[in-house]
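Each chain, written out:
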Amino acid sequence: DSYSKKVKTIETCVLFIDIRKSTAISLKNDAVKMTKLYTSFSRAMIKIAEKTGGKVRNIIGDRVMVVYDHIGCCEKAIETAILMSTATKSIINKHFKDANVKCGIGIAYGEMLVSK
């Protein structure tokens with residue numbers, strides 16, 4: 001059928017990053033500051049992902065999902081994770097001192113079912 005042509009399995013790395021305890025941070029800060037924090041965080045993570053060859057496939061709140069082409073995907077995902085962690089510690093926390101942002105980063109490797 002025509003639907004099966006739009007579905008395939010790929011071998012890849014997927015990286016997820018989000019702000020730890022973001023609900024607690026949002027309770028201590030006003031909406032304007034939280035909007036600036038989430039926007040700054042998301043934009044920084046997207047730029048880093050794109051620079052390291054990743055493709056941002058999903059953003060929900062403060063969570064960013066990045067997928068890589070198969071060749072060199074593990075190395076690219078690890079490089080991305082290091083850069084994202086460093087940017088959060090060195091840049092995001094410099095501008096949002098009282099938020100004390102910490103990230104959770106997960107990387108998964110394997111087969112992934114994708115569809116158009």
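Residues numbered from 1 in each chain as written. Predicted model: local features only at pLDDT ≥ 70, side-chain atom pairs only at ≥ 80, totals over all residues. Heavy atoms only, no water.

A.B. asks: Looking at this model, I keep getting lost on a nonpolar patch on the surface. Mind explaining?
C.D. replies: Taken together, the side chains of Ile78, Ile82, Ile105 and Ile107 define a hydrophobic patch exposed on the protein surface, amounting to about 340 Å² of accessible area. Broken down by secondary-structure element, the contributors of at least two residues to the nonpolar patch are helix H3 (73-95) and strand E4 (103-115). (Patch = residues over 30% accessible without salt bridge, like charges linked within 9 Å, V, L, I, M, F, W, Y side chains within 5 Å. Areas by Shrake-Rupley, 256 points an atom, 1.4 Å probe, with all protein chains shown as cover. Salt bridge = Lys/Arg side-chain N within 4 Å of Asp/Glu carboxyl O. Helix = DSSP H or I, 4+ residues; strand = E, 2+ residues; numbered from the N terminus.)

A.B. asks: Looking at this structure, I do not really get helix H2 (residues 31-51). What am I missing?
C.D. replies: Because an α-helix completes one turn every 3.6 residues, residues spaced three or four positions apart along the sequence face the same direction. Over its 21 residues, H2 extends 30 Å from the first C-alpha to the last, a length consistent with the 30 Å expected when each residue adds 1.5 Å. Inspection of H2 places Met34, Leu37, Phe41, Ser42, Met45, Ile48 and Ala49 among the buried residues, and these make up the whole buried set. Burial along H2 is one-sided: seen end-on, the buried residues are contained in an arc of 135 degrees. Opposite the buried face of H2, by more than 90 degrees, sit the exposed residues Val32, Lys36, Arg43, Lys47, Glu50 and Lys51. Contact partners of the buried residues in H2: strand E1 (7-19), helix H1 (22-28), strand E2 (54-60), strand E3 (63-68), H3 and E4. Where H2 begins, the capping side chain belongs to Asp30, and its oxygen is found 3.1 Å from the backbone nitrogen of Val32. At the C-terminal side of H2, Gly53 shows a positive phi close to 90 degrees. (Expected span 1.5 Å × (residues − 1). Buried < 20%, exposed > 50% of the residue type's maximum accessible area, 1.4 Å probe, protein only. Arc of directions from axis to C-beta. Contact = heavy atoms within 4.5 Å. Polar contact = N/O pair within 3.5 Å; in protein donor to acceptor, adjacent residues only side chain to side chain.)

A.B. asks: Would you mind showing me how to read the sheet that holds E2 here?
C.D. replies: Sheet strands line up and pair through hydrogen bonds in the backbone, either parallel or antiparallel. Spatial ordering of the open sheet is given by E2-E3-E1-E4, a layout of four strands whose pairing is antiparallel. Lying at the two open borders of the sheet, with one neighbouring strand each, are E2 and E4. Ignoring which end each strand starts from, the neighbouring axes of this sheet average 25 degrees apart. With six bridges connecting them, E2 and E3 associate as antiparallel partners. Note that in E3 the partner of Ile59 across the bridge is Val64. Across the face of the sheet, H2 comes into contact with E1, E2, E3 and E4 while running at roughly 160 degrees to E2. (Pairing = 2+ DSSP bridges. Axes fitted to C-alpha atoms, helices over the stretch in contact; angles between N-to-C directions.)

A.B. asks: Got a minute to help me understand unusual backbone geometry in this structure?
C.D. replies: Its identity is not glycine, yet Lys21 carries a phi of approximately 55 degrees, on the positive side. Looking at the secondary structure, you find Lys21 in the loop between E1 and H1. A residue is classified by how much of its surface remains accessible, and Lys21, at 68% relative accessible area, is exposed. In this structure, Asn100 takes a positive phi of about 45 degrees despite not being glycine. Looking at where Asn100 falls in the secondary structure, it is placed in the loop between H3 and E4. The exposure class of Asn100 is partly exposed, given its relative accessible area of 46%.

Remember, this is a structural readout, not a statement about activity or role.
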